[in-house]
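A closer look at the structure
Here's the letter readout for the chains.
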Amino acid sequence: MNLIVGLGNPGNEYDWTRHNFGFLLLDLYAKIYNLDWSKPKFNALWLKSNDQLFIKPQDFYNNSGQSVRNFANFYKIPPEDIIVVCDDFELDFGKTRFRTKGSSGGNNGLKSVIENLGTSDFARLRLGTGNPDLRRRLGDTKFVLSRFTPEEKAQLVPILEEGIKKVADWAKSH
């Protein structure tokens, strides 16, 4: 079984924000495949499709690792069968970066997952949210919690579809 994690913040006030890119990817996946999110378990929304378990932790972004650890322990999923989808403001908007393991790169959600799993040996798909001018004006915290610009929002579906394909390709190999 694979564990596919989308990082984000719970609550309507965070819908369509940069930090919720992971949630957006899993929501589009669920919509495409006509899947419904189950009631929370281990403080995460979840759904299961074949050998794929998808979760959207409902702790705030920086504490996402608690739910990941609880699902991994309960379902006995080793780190190499986990992928985390998150935003990355160091990557240009629309770019993606897939790695099978590595550091948090300063991403607090990934830091939490690493701390809770006790390893960084899990896959991650980073979705670029970079917009240097806006980030400079807002500062890092306000930037990640800001909504996508109308121009960016118009490009989201193809970016998310590319991300879904990368997650699916990873899942096929596990």
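Above this text is the structure in question.
What you see is a predicted model, and the numbers here were worked out from it, not measured in a lab. (Residues numbered from 1 in each chain as written. Predicted model: local features only at pLDDT ≥ 70, side-chain atom pairs only at ≥ 80, totals over all residues. Heavy atoms only, no water.)

Moving on: the overall build of the protein chain. Scanning the protein chain from terminus to terminus reveals seven helices and seven strands. Beginning at the N terminus, the succession of helices and strands in the protein chain can be written as β-α-β-β-β-α-β-β-α-β-α-α-α-α. Structurally, the protein chain occupies a C-alpha span of about 45 × 35 × 30 Å along its principal axes. Here the protein chain, with 174 residues, has 51% of them falling under the buried criterion. Partitioning the contacts of the protein chain with sequence separation of at least 6, the portion at a separation of at least 24 is 69%. On the protein chain, roughly 8,600 Å² of surface is accessible, and the fraction owed to carbon and sulfur atoms is 49%. (Helix = DSSP H or I, 4+ residues; strand = E, 2+ residues; numbered from the N terminus. Buried < 20%, exposed > 50% of the residue type's maximum accessible area, 1.4 Å probe, protein only. Contact = heavy atoms within 4.5 Å. Areas by Shrake-Rupley, 256 points an atom, 1.4 Å probe, with all protein chains shown as cover.)

Turning to the pairing of strand β5 (residues 82–92), a few remarks are in order. Taking burial as the measure, the eleven residues of β5 include eight buried ones, the bulk of the element. Here strand β1 (residues 2–6) runs beside β5; their pairing, made up of four bridges, is parallel. Of the residues in β5, the one forming a bridge with Leu3 is Ile82. Across seven bridges, β5 lies against strand β7 (residues 123–130) in parallel orientation. Paired with Asp88 across the bridge in β7 is Gly128. (Pairing = 2+ DSSP bridges.)

Let us now look at the sheet that holds strand β2 (residues 38–41). Taken together, seven strands build an open sheet; the order of strands is β2-β3-β4-β1-β5-β7-β6 and the sheet is mixed. Either end of the sheet is taken by a strand with one partner, and the two such strands are β2 and β6 (96–99). In this sheet, adjacent strand axes meet at a mean angle of 30° when their direction is disregarded. Each of β1, β3 (44–49), β4 (52–57), β5 and β7 touches helix α1 (residues 21–32); the most contacted strand, β4, lies at about 140° to it. Across the sheet, helix α2 (residues 65–74) is in contact with β1, β2, β3, β4 and β5; its angle to β4 comes to roughly 155°. (Axes fitted to C-alpha atoms, helices over the stretch in contact; angles between N-to-C directions.)

When the terminal C-alpha atoms of helix α7 (residues 156–172) are compared, their 24 Å separation across 17 residues agrees well with the 24 Å that a helix rising 1.5 Å per residue should span. Along α7, the residues that are buried comprise Leu156, Ile159, Leu160, Gly163, Ile164, Val167, Trp170 and Ala171. Buried residues in α7, looked at end-on, bunch into an arc of 140°, giving them a common side. Exposed side chains of α7 directed beyond 90 degrees from the buried face belong to Pro158, Lys165 and Lys172. (Expected span 1.5 Å × (residues − 1). Arc of directions from axis to C-beta.)

Here we take up the side chain of Glu152. The residue Glu152 is located in helix α6 (residues 150–153) in this model. Polar contacts involving the side chain of Glu152 include one to the main-chain amide nitrogen of Thr149, which spans 2.9 Å. The contact partners of Glu152, leaving out residues within four places of it in the chain, are Arg18, Phe93 and Asn131. (Polar contact = N/O pair within 3.5 Å; in protein donor to acceptor, adjacent residues only side chain to side chain.)

Geometry only, nothing functional implied.
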